[in-house]
Amino acid sequence: MKKVYINSIACISAQKTFDNSEFLDEVIIHEDQVVYAVEPVYKDFIPPAAARRMAKGIKMGVAASKMAIKEANLKNVDAIITGTGMGCLRDSEKFLSGIIDNNEQFLTPTSFIQSTHNTVGGQIALELQCKGYNFTYVHGSNSFESALLDAKLQIELDEAQNILIGGVDELGEHTTKLHKLIHHIKEEKVTTNTLLESKSSGSMFSEGASFFVLANKKQESTYAEVVSVKIYNTLSQNEVSELVLSFLKENDLDIEDIDAVVLGNNGDFKFDGFYNELTSTIFNNTQQICYKHLFGEFNTVSPMGIWVALKILKTQTLPEILKLNKKETSSYKYILLYNQYRGENHSFTLLKTC
Amino acid sequence: MEALKQELKENIIEQLNLEDMTVEDIADDDMLFGDGLALDSIDALELIVMLDKNYGIKLTDPKEGRAIFESINTMAAYITEHRSK
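Residues numbered from 1 in each chain as written. Chains lettered and ligands numbered in written order. Predicted model: local features only at pLDDT ≥ 70, side-chain atom pairs only at ≥ 80, totals over all residues.

The name given to chain B in an unreviewed UniProt entry is Acyl carrier protein, with Formosa maritima as the source organism.

Per an unreviewed UniProt entry, the recorded name for chain A is 3-oxoacyl-ACP synthase, and the organism is Formosa maritima.

As structure tokens, then:
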């Protein structure tokens, strides 16, 4: 089977990550329960005539995809695979509100056309004129990992050489209100510096887009090799350590081989126990890394954990703000990522420097 | 009539997300489709819904739209003559 490399990365998030020459050199300290993405100048990536109908999520997705394609030094790709938890939320809200407000009359086409979950993948294909495989996975916090797994299998089986994959979600005003009502968003204001020590339920919500080019060949821009990906719908807390060990064993690795573990702690005291289960036991002596205090929580924030891991592997540096424990690691070869949201949709992703 | 033209320009900019445009950028006789504002078929659907919602005008013959939506002048004239609200 072919090896799978990540040859480029692009990330638009609640931090200024769209400038890929930096690695969190300047951190934005958020002080709110809902934090918005820091956007690039879209005119640099999308023609104004096309951009005028695009909501924020589509713009973020198209811009990030173009950044990733450029870094990989490609003009086109064999396939585009997107993951999104909630799809194009703003246009969905606009269209549905229109139905209610106008008593099911006067429905306009634009917001409906742009509201589907696969709009981002479609718009990227239109921009690239890519007529290859185009698929969008919608599976909560495993949406991106499903896309990653699909791309990995296609490259391993030599069905494609270069695949663009990404995760994108945007904040919608009405949906945010609903998440507050059901306490998935914290009731009290939180800050980047205090989120992970929070003792309340819910998290800090956010949005963003992350895109990567996966390929079967290494090149100068290559960040890492995707060694393995595994996803689970449901797990109990006491199963996690055992499953991590068996995941590592499947890849002929032991705990000691893992140089850092990137965890999805989001400050929700009800569910961070899944991560604490690992940090207090098998990964007690491993470099522990968190990122959601910088990027917030949403269904496709996990690729931002991958973005963090890839930057570490490539630069062999780890910004202080990402460290969860005091362990000092001088070189990084293997990084394991573990993510879940509200106890569901768990994923293990193993990356290796190359 | 002048107030209606101003209102139409404001609504077109808002409804069609013409983000970089202001009312001053649209002349009364500018072509809305083709060489002028370069609107497209999706915009035409938005304009048809706007006529119905804001002025109570239902366009049943698509061929009519070509002449009505030629410019702000032609739209304002048609609305003045046919509006029911």
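1. What to know about the UniProt feature "domain: Carrier" (unreviewed entry) in chain B
Taken from the UniProt record, the annotation "domain: Carrier" (unreviewed entry) applies to residues 2-83 of chain B. Within residues 2-83 of chain B, the helical portion is 57% and the strand portion 0%, while the C-alpha atoms at the span's ends are 16 Å from each other. (UniProt positions renumbered as here; feature names shortened; annotations may be inferred. Helix = DSSP H or I, 4+ residues; strand = E, 2+ residues; numbered from the N terminus.)

2. Quick notes on the nonpolar core
By size, the foremost hydrophobic cluster in this structure holds 99 residues, and its most contacted members are Ala-68, Leu-214 and Ile-335 of chain A. Residue-level mapping places this core at the junction of two domains, with at least three residues from each of domain 1 (5-215) and domain 2 (226-352) of chain A. Core analysis: the second largest hydrophobic core is formed by 17 residues, Leu-16, Leu-32, Leu-47 and Met-75 of chain B among them. (Core = buried A, V, L, I, M, F, W, Y, C linked by C-beta atoms within 7 Å. Buried ≥ 20, exposed ≤ 12 C-beta atoms within 10 Å, placed from the backbone. Domains from an automatic or database assignment.)

3. Some details on the domain arrangement of chain A
All names here are of chain A. Once the domains are mapped, chain A shows domain 1 (5-215) and domain 2 (226-352). In this structure, domain 1 and domain 2 have C-alpha centres spaced 22 Å apart. Counting residues at the interface gives 46 residues for domain 1, matched by 36 residues for domain 2. Counting only elements with at least two residues in the side of domain 1 that touches domain 2, the list comes to strand S1 (5-12), helix H6 (143-156), strand S4 (162-169) and strand S5 (208-215). Residues of the side of domain 1 that touches domain 2, tallied by class, amount to 19 nonpolar, 22 polar and 5 charged. (Contact = placed C-beta atoms within 7 Å. Nonpolar A, V, L, I, M, F, W, Y, C, P; charged D, E, K, R; others polar.)

4. Overview of the packing of helix H1 (residues 2-15) of chain B against helix H4 (residues 72-82) of chain B
Residues and elements named next belong to chain B. It is the contact of H1 with H4, at a shortest axis distance of 10 Å, that shows an interaxial angle of 115 degrees. As H1 packs across H4, the resulting crossing turns out to be right-handed. Contacts between H1 and H4 involve Leu-4, Lys-5, Leu-8 and Lys-9 from the first element and Ile-72, Met-75, Ala-76, Ile-79 and Thr-80 from the second. Along the lines of polarity and charge, the residues of the contact of H1 with H4 split into 6 nonpolar, 1 polar and 2 charged. (Axes fitted to C-alpha atoms, helices over the stretch in contact; angles between N-to-C directions. Left-handed = near helix turned anticlockwise from the far one by under 90°.)

5. A short note on the pairing of strand S8 (residues 287-290) of chain A
All names here are of chain A. Along S8, one buried face is formed by Gln-287 and Ile-289 and the opposite face, lined by Gln-288 and Cys-290, is buried too. Relative to S8, strand S7 (residues 260-263) runs parallel, the two sharing 4 bridges. Bridged to Val-261 within S8 is Gln-288. For the crossover from S7 across helix H9 (residues 273-279) to S8, the handedness is right-handed. (Pairing = 2+ DSSP bridges. Right-handed = clockwise from strand over helix to strand, strands pointing away.)

6. What about the environment of Lys-230 of chain A?
Residues and elements named next belong to chain A. Here Lys-230 is to be found in strand S6 (residues 224-234). The class for Lys-230 is partly exposed, based on 17 C-beta atoms found within 10 Å. The contacts of Lys-230, once residues within four sequence positions are left out, are Phe-247, Ser-347 and Phe-348.

7. Focus on unusual backbone geometry
Residues and elements named next belong to chain A. Of note in the backbone geometry, Glu-104 takes a positive phi value of approximately 65 degrees without being a glycine. Counting through the fold element by element, Glu-104 comes out in the loop between helix H3 (89-101) and helix H4 (109-113). Located in the positive-phi region is His-183, a residue other than glycine, with phi close to 60 degrees. Position of His-183 among the secondary structure elements: in the loop between helix H7 (173-181) and S5. Judged by the 13 C-beta atoms lying within 10 Å of it, His-183 is partly exposed.

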